[in-house]
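A structural walkthrough
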Amino acid sequence: MESKQFPNESTRNKSALITGITGQDGSYLAELLLEKGYTVHGLVRRNSSTVRTRLDHLYHNAEIYNRRMFLHYADLDDITTIRRILTRSKPDEVYHLAGQSHVGASFEIPETTCQFTAMGTLKLLEILRDLEKRPRMLHISSSEIFGRPDDSPQNELTPMRPVTPYGIAKAFATQMVTLYRESFELFACNAICYNHESPRRGESFVTRKITKAAAAISLGIQDHLTLGSIETQRDWGYAADYVEGMWRMLQQDSADDYILATGESHRVEDFLAASFEAVKLDWRDYLRQDKAFMRPSEVSRLVGNADKAREKLGWTATTRLPELARRMVEHDLSRLTSKPNENERFL
Ligand SMILES: C[C@H]1O[C@H](OP(=O)(O)OP(=O)(O)OC[C@H]2O[C@@H](n3cnc4c(=O)[nH]c(N)nc43)[C@H](O)[C@@H]2O)[C@@H](O)[C@@H](O)C1=O
C-alpha cells in the first residue's frame, strides 16, 4: 500500500498533506479531499503493525491508488523526513491531525503526549515557516484546552484552563498556531473540536467501547461492559461533519480559529442508554464500574458554541446523540455478524 511517489508537477491538482491520515478524522478527511479532486499525501507512523484499515476501501479505486493518494513514513519528531516530504510534495494545504489523542492515557504518558501533541506541532510550524512556498495549515485543537471553564458554552474567546496533560499539550499547540499566524504571517487555523465520533472511532474511546459492547452483548458474545464515570458530560458530534468544517476553514480569505461542536451536552449515561436502546436492552443489567477507568482529573461543563463556524463557514453539525449512537451500534452489529476478511482483521 505504501508509495514513495510524488505526482508529476505538470498534471498536479490542488494537493494536501495530512498528518494522522490513518486515524478516524484522517480517513474521513482523505475521502473528502479525494472526492474534491485533491491529490492527498499522508504521513504514516512507522511501527510494526502499520494498521491502515480505515484507508483500505480507498485503495479499491485504481485511479486513486495509482495517482492521487501517497503515503509516506514519518514520525512527528522526524523533522528531516517531514521537511523532505513537504519540499517534494509541495502541498497547498497541510492538515495536522496527528498526536497522542487519548486523554486518559495522557496521565500515564505525559511526556510522550507533550512530545507529539505539543512539540510535534511546534516542529511542524517551524518547518512551514522556512518553506519557500508556504502551504495553508490546519491544526486540530480540542475542547480539552478549556478544562474547567467559568462560562458554558465556550466560544473562541473563552480562556484556556486545561486540567489534563493532553489538554495542556493542546493548549500549547493551539497558542503556537495563533502565534505563528500573527507573528510570521502563516495561514494557520485552529479547529477547536469537541468530541466527534463515528463507526471508525478507536475502541478505547468511551462511545465506541459502549456501541461495540451493546452489539456484542445483544449477540451473546459478551456478558458485561466495564466503564469509569458515567456522570461526566460531553458534546458529541459526528466526525465526518467536523472534517468538512476543517476543510472550509482553509478556503477562507484569512486564517482564524473556529469552534466545531453540536452545542448539546450529554452524560456518558445518555450515550449508554441510546446505544442499548438500539438493541432493545437495558444497560443497567450489564454495566460494571471500575476505578481503573476513572481519571485523576476530569474536565467539566464542556459544550461548544459554534456560531462563528455557522456564520462564517456555513457549517453546522448534522448529527445528534441518539442517531450517532444508533449508527455506531448498527455498524458494530454488522461487523460482528459478517465474516471476517483481510481488511477487518485489525478493526
Ligand atoms: C475533545 C476530546 O475528545 C476525546 O477525549 P475524551 O472526551 O476524554 O473522550 P473519551 O471517549 O476517552 O472519554 C469521554 C468520557 O467518558 C468517560 N469514561 C467513562 N468510562 C470510560 C472508559 O471506559 N473509557 C474511556 N475512554 N472513557 C470513559 C471519561 O472519563 C470521559 O469523561 C478525544 O478525542 C480527545 O482527543 C479530544 O480532543
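In the annotation of an unreviewed UniProt entry, the chain is listed under the name GDP-mannose 4,6-dehydratase and assigned to Novipirellula aureliae. Quoted verbatim from the Cofactor (unreviewed entry) field of UniProt, the annotation for the chain is "NADP(+)". Listed under Catalytic activity (unreviewed entry) in UniProt, the entry text for the chain is "GDP-alpha-D-mannose = GDP-4-dehydro-alpha-D-rhamnose + H2O".

1. Considering unusual backbone geometry
For the peptide bond that leads from serine 152 to proline 153, omega is 0°, which places it in the cis range. By secondary structure assignment, the location of proline 153 is in the loop between strand 5 (136-142) and helix 6 (165-184). Residues other than glycine seldom take positive phi values, yet lysine 90 does so here, at roughly 45°. Counting through the fold element by element, lysine 90 comes out in the loop between helix 3 (79-89) and strand 4 (93-96). Looking at lysine 90, the relative accessible area reads 36%, which means it is partly exposed.

2. Some details on the environment of proline 135
Tracing the backbone through its elements, the reader meets proline 135 in the loop between helix 5 (110-130) and strand 5. Not counting residues up to four positions away in its chain, the partners in contact with proline 135 are Pro91, Asp92, Glu93, Val94, Leu128 and Phe187.

3. Concerning the pattern of salt bridges
Following the criterion strictly, the structure yields 22 salt bridges and no others. In this structure, arginine 200 and glutamate 31 form a salt bridge, with 2.7 Å as the shortest nitrogen-oxygen distance. One end of the pair, arginine 200, is in the loop between strand 7 (196-197) and helix 7 (206-218); the other, glutamate 31, is in helix 1 (residues 24-35), and 169 residues separate them in sequence. The exposure classification of arginine 200 matches that of glutamate 31, with both residues buried. The salt bridge partner of aspartate 256 is lysine 308, with a shortest N-O separation of 3.1 Å. On the criterion of sequence distance, the pair formed by aspartate 256 in the loop between helix 8 (239-249) and strand 11 (258-260) and lysine 308 in helix 10 (residues 307-313) is long-range, its members being 52 residues apart. Through salt bridges with shared partners, a single network forms among Glu203, Arg208, Lys212, Asp332 and Arg335.

4. So, the site of the ligand
Near the ligand lie 22 residues; those nearest to it are Ser101, Ser142, Arg234, Arg295 and Glu298. Backbone polar atom of serine 101 to an oxygen atom of the ligand: 2.6 Å apart, as the coordinates give it. In this structure, glycine 228 approaches the ligand through a main-chain N or O atom, which is 2.8 Å from a nitrogen atom. Relative to its free-state accessible area of 700 Å², the ligand is covered by the protein chains to the extent of 95%.

5. Overview of the pairing of strand 1 (residues 15-19)
Burial analysis of strand 1 places five of its five residues in the buried class, the great majority of the element. Of the two faces of strand 1, the one carrying Ser15, Leu17 and Thr19 and the one carrying Ala16 and Ile18 are both buried. Each parallel crossover has a hand, and the one from strand 1 via helix 1 to strand 2 (residues 39-44) is right-handed. Where strand 1 lies against strand 4, four bridges are found, and the strand directions are parallel. Note on strand 4: the bridge partner recorded for leucine 17 is valine 94.

6. Things to note about the environment of arginine 288
Structurally, the position occupied by arginine 288 is in strand 13 (residues 287-289). You can call arginine 288 partly exposed: its relative accessible area is 46%. In this structure, the C-alpha to C-alpha distance between arginine 288 and glycine 228, residues 60 residues apart in sequence, is 8.6 Å. Those residues in contact with arginine 288, other than ones at most four positions away along the chain, are His224, Leu225, Thr226 and Leu227.

7. A closer look at the sheet that holds strand 6 (residues 188-193)
What the seven strands build is an open sheet, ordered 3-2-1-4-5-6-11; its pairing is parallel. Looking at the sheet topology across the chains shown, the edges are occupied by strand 3 (69-73) and strand 11. Taken over all neighbouring pairs, the strand axes of this sheet differ in orientation by 20° on average, direction set aside. The pairing of strand 6 with strand 11 spans three bridges and is classified as parallel. Each residue of the ladder has a partner; that of alanine 191, found in strand 11, is tyrosine 258. In this fold helix 5 packs onto strand 1, strand 4 and strand 5, with an angle of close to 170° to the strand it touches most, strand 4.

8. Looking at the environment of serine 143
Topologically, serine 143 is positioned in the loop between strand 5 and helix 6. Along the backbone, serine 143 and isoleucine 127 are 16 residues apart, and their C-alpha atoms lie at a distance of 26 Å. Sequence-distant contacts of serine 143, defined by excluding residues within four places in its chain, comprise Ile192, Cys193, Tyr194, Asn195 and Leu302.

9. A closer look at the UniProt feature "active site" (unreviewed entry) in the chain
Under the local residue numbering, the UniProt record ascribes the feature "active site" (unreviewed entry) to Tyr194. With respect to the secondary-structure elements, tyrosine 194 resides in the loop between strand 6 and strand 7. You can call tyrosine 194 buried: its relative accessible area is 1%. Once residues within four sequence positions are removed from consideration, tyrosine 194 is found in contact with Ser143, Phe146, Gln154, Asp235, Tyr242, Ile259, Leu260, Ala261, Leu302, Val303 and Gly304. Among the polar contacts listed, one links the side chain of tyrosine 194 to the side chain of glutamine 154, at a separation of 2.7 Å.

Rules used throughout
- Residues numbered from 1 in each chain as written.
- Predicted model: local features only at pLDDT ≥ 70, side-chain atom pairs only at ≥ 80, totals over all residues.
- Heavy atoms only, no water.
- UniProt positions renumbered as here; feature names shortened; annotations may be inferred.
- Helix = DSSP H or I, 4+ residues; strand = E, 2+ residues; numbered from the N terminus.
- Buried < 20%, exposed > 50% of the residue type's maximum accessible area, 1.4 Å probe, protein only.
- Contact = heavy atoms within 4.5 Å.
- Salt bridge = Lys/Arg side-chain N within 4 Å of Asp/Glu carboxyl O.
- Near = heavy atom within 4 Å.
- Polar contact = N/O pair within 3.5 Å; in protein donor to acceptor, adjacent residues only side chain to side chain.
- Areas by Shrake-Rupley, 256 points an atom, 1.4 Å probe, with all protein chains shown as cover.
- Right-handed = clockwise from strand over helix to strand, strands pointing away.
- Pairing = 2+ DSSP bridges.
- Axes fitted to C-alpha atoms, helices over the stretch in contact; angles between N-to-C directions.

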